[in-house]
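Architecture at a glance
Each chain, written out:
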Amino acid sequence: MPFLPRRLTLLQNATLPDGSVVDVTIDGETVTRIEAARAAGVPADPGAALDPGAALDPGAALDPGAVLDLSGHVLLTAPAEPHAHLDKALSWEAIRPPMGDLVSAITAWREYARTMTVDDIADRAREQLLRMLGQGTTAVRTHVDILLGDQPLRGAQALVQVRQELAGLVDLELVALAGPDVPDSAVEAALDLGVDLVGGSSHLAPDPSADLQRLLAIAARRGVGVDLHTDESLAGAITLGEFAETVVDWTVTVSAGHCVRLGTVDATTRDDLIALVKAADIGIIANPITNLYLQGWEHPVSTPRGLTAVRELLDAGVRLGAGADNVRDPFNPLGRSDALETAMLLVTAGHLTIDEAYAAVSDGARSVMGLAPAGAVVGGRAEFLAVRGSSLADVTANAPADRYVIHAGRLVAQSRTTSDIAAPHLTESTVTA
Ligand SMILES: [Zn+2]
């Protein structure tokens, strides 16, 4: 029997990150009520939790299948992944690339990309998307390469297909990742196909300013948002300031991923750039696991971490999201497809608090992606991850596999594990005697 999505109207006995234990009422895709949980062990009357003003269907609320008991679970806003590369994911073992920096990863990837088919890309993208969903991520923004050669849209076709296949389980945004040698016409063809945003990596272009202006002009012409790989190096070009000044009056969603360089400039330059980012309301997306892997190979001593200036961005009130970027491909051989891994790295390598780190992979990521507020707030979209544990610190540290994933008010994934640890000082004969 396949596992089918299940409509939920009541989440019982859930522990929120502030330690309170609550019941959460859901009407359709929206949270309508949050109240202190009834005493432990007392089954709630689902009908009693109804808000008469919430226009719920009482019949649906009384369905025991629509009630989920989350005793012993921490209830979190479901993570969103603001920066993925589903077209590249899970290719590490097929490519067997040398370990190395961004340039060596791009070289290994381009060689492999020439051989890919739409079906091959769709198979890996689908598998990766479902892994992320199983861990709790209910919205993903993925970049997709506009490829060189005579079939530049293979990746875009595959991702549009996968988005259609998994509609209703996970929200998927697509960004056309156009290198400097990709013609405008190919980017526009990707948008025609259903890709949502314009992307690129102008800091790698021979003329970064010209490439930046070209990409922004395409987005302006088409009236779509922009998400650029920005200044992904420790010492290379700085395009973030010109990016911010160009889009300062834009009303579409605009975001900048990586911004590694922002973390390496002097404090005055950094603060001036952050002021421009804030004025333009650009969302910044940190990608700790991939930056930690790709950056710093040329520094065997005092190796820098290669993260953007997460603390200063938050303190300045800039919208900050964080993602994993690559998973098991030439750009990052590892990764658990789990936002709790990204949150853990933001604490360990970025020195954010645990609450700040989880916000970056959930509420912050959703804001950067232009999604509606979600989670345990009245009026929030019912996007939840419930993890077995006692607190946010506990689940971020241990990342238990036991999880429930709720998307648009429906249970779409669940994982339950058992483990047995031998009792000390006992043997089989003493127990059976
Ligand atoms: Zn990327």
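Use the structure listed above.
Criteria and thresholds
- Numbering of residues starts from 1 in each chain and follows the order in which that chain's sequence is written.
- Where totals are concerned, whole chains, interfaces and linings use all residues; where local detail is concerned, this predicted model gives features only for residues with pLDDT of at least 70, and gives and counts side-chain atom pairs only at 80 or more.
- Side-chain numbers here rest on the full set of heavy atoms in the structure, without hydrogens or water.
- Secondary structure elements follow DSSP: runs of H or I of four or more residues count as helices, runs of E of two or more count as strands, with numbering from the N terminus.
- We compute the radius of gyration over the C-alpha atoms and compare it with the globule rule, which gives 2.2 Å times the number of residues raised to the power 0.38.
- Burial classes follow relative accessibility: with a 1.4 Å probe on protein chains only, a residue under 20% of its type's maximum area counts as buried, one over 50% as exposed, and anything between as partly exposed.
- Sodium, potassium and calcium take a 3.2 Å donor cutoff, other metals 2.8 Å, and in both cases only N, O and S atoms count; water is not among them, so sites may look incomplete.
- Here an axis means a line fitted to C-alpha atoms, over the contact stretch when the element is a helix, while the angle between two N-to-C directions is reported on a 0 to 180 degree scale.
- When describing relative orientation, an angle under 35 degrees is termed roughly parallel and one over 145 degrees roughly antiparallel, while 65 to 115 degrees is termed roughly perpendicular and anything else oblique.
- Should the near helix be turned anticlockwise from the far one by less than a right angle, the crossing is left-handed, and should it be turned clockwise, the crossing is right-handed.
- The contact definition used throughout considers only heavy atoms, calling two residues in contact when any of these lie within 4.5 Å.
- In this classification, the charged set is Asp, Glu, Lys and Arg, the nonpolar set is Ala, Val, Leu, Ile, Met, Phe, Trp, Tyr, Cys and Pro, and all remaining amino acids, among them Gly, are polar.
- Note on pairing: DSSP must find at least two bridges between two strands before they are called paired.

**Looking at the overall build of the protein chain**
- Along the backbone of the protein chain there are 16 helices and 17 strands.
- Against the compact-globule benchmark of 22 Å for 433 residues, the protein chain has a radius of gyration of 23 Å, which places it among compact chains.
- Judged by the C-alpha coordinates and their principal axes, the protein chain covers about 70 × 60 × 45 Å.
- Each of the 433 residues in the protein chain was classed as buried or not, and the buried ones make up 54%.

**Some remarks on the coordination of the zinc ion**
- The coordination sphere of the zinc ion contains the protein donors His-83 (NE2), His-85 (NE2), His-229 (NE2) and Asp-325 (OD), at a distance range of 2.0 to 2.5 Å.
- Positions of the donor residues of the zinc ion along the chain correspond to the pattern H-x1-H-x143-H-x95-D. Pair noted here: His-83 is in strand E7 (residues 80-84) and Asp-325 is in the loop between strand E14 (320-322) and helix H12 (339-348), with a separation of 242 residues, a long-range link.
- The class for Asp-325 is buried, based on a relative accessible area of 4%.

**Quick look at the packing of H12 against helix H13 (residues 354-361)**
- Close contact between H12 and H13 brings their axes to 8 Å; oriented N to C, the two are set at 135°. In terms of orientation, H12 and H13 fall into the oblique class. As H12 packs across H13, the resulting crossing turns out to be right-handed. For the pair H12 and H13, contact is made by Ala-339, Leu-340, Thr-342, Ala-343, Leu-346 and Val-347 and by Ile-354, Ala-357, Tyr-358, Ala-360 and Val-361, respectively.
- Looking at the contact of H12 with H13 residue by residue, the classes come out as 10 nonpolar, one polar and no charged.

**A short note on the environment of Ala-349**
- Its location among the elements puts Ala-349 in the loop between H12 and H13.
- Sequence-wise, Ala-349 and Leu-177 are 172 residues apart; in three dimensions their C-alpha atoms are separated by 27 Å.

**So, the pairing of strand E16 (residues 403-407)**
- Extensive coverage of E16 is indicated by the burial of five of its five residues.
- Of the two faces of E16, the one holding Arg-403, Val-405 and His-407 and the one holding Tyr-404 and Ile-406 are both buried throughout.
- Of the strand pairs in this sheet, strand E15 (residues 384-388) and E16 are connected by four bridges, and their pairing is antiparallel. Across the sheet, residue Val-387 finds its bridge partner in E16, namely Arg-403.
- Relative to strand E17 (residues 410-415), E16 is paired through five bridges, and the arrangement is antiparallel. Looking at E17, one finds that Tyr-404 is bridged to Gln-414.
- Where E16 folds back on E17, the antiparallel hairpin that results is connected by two residues, among which Ala-408 adopts a positive phi of roughly 50°.

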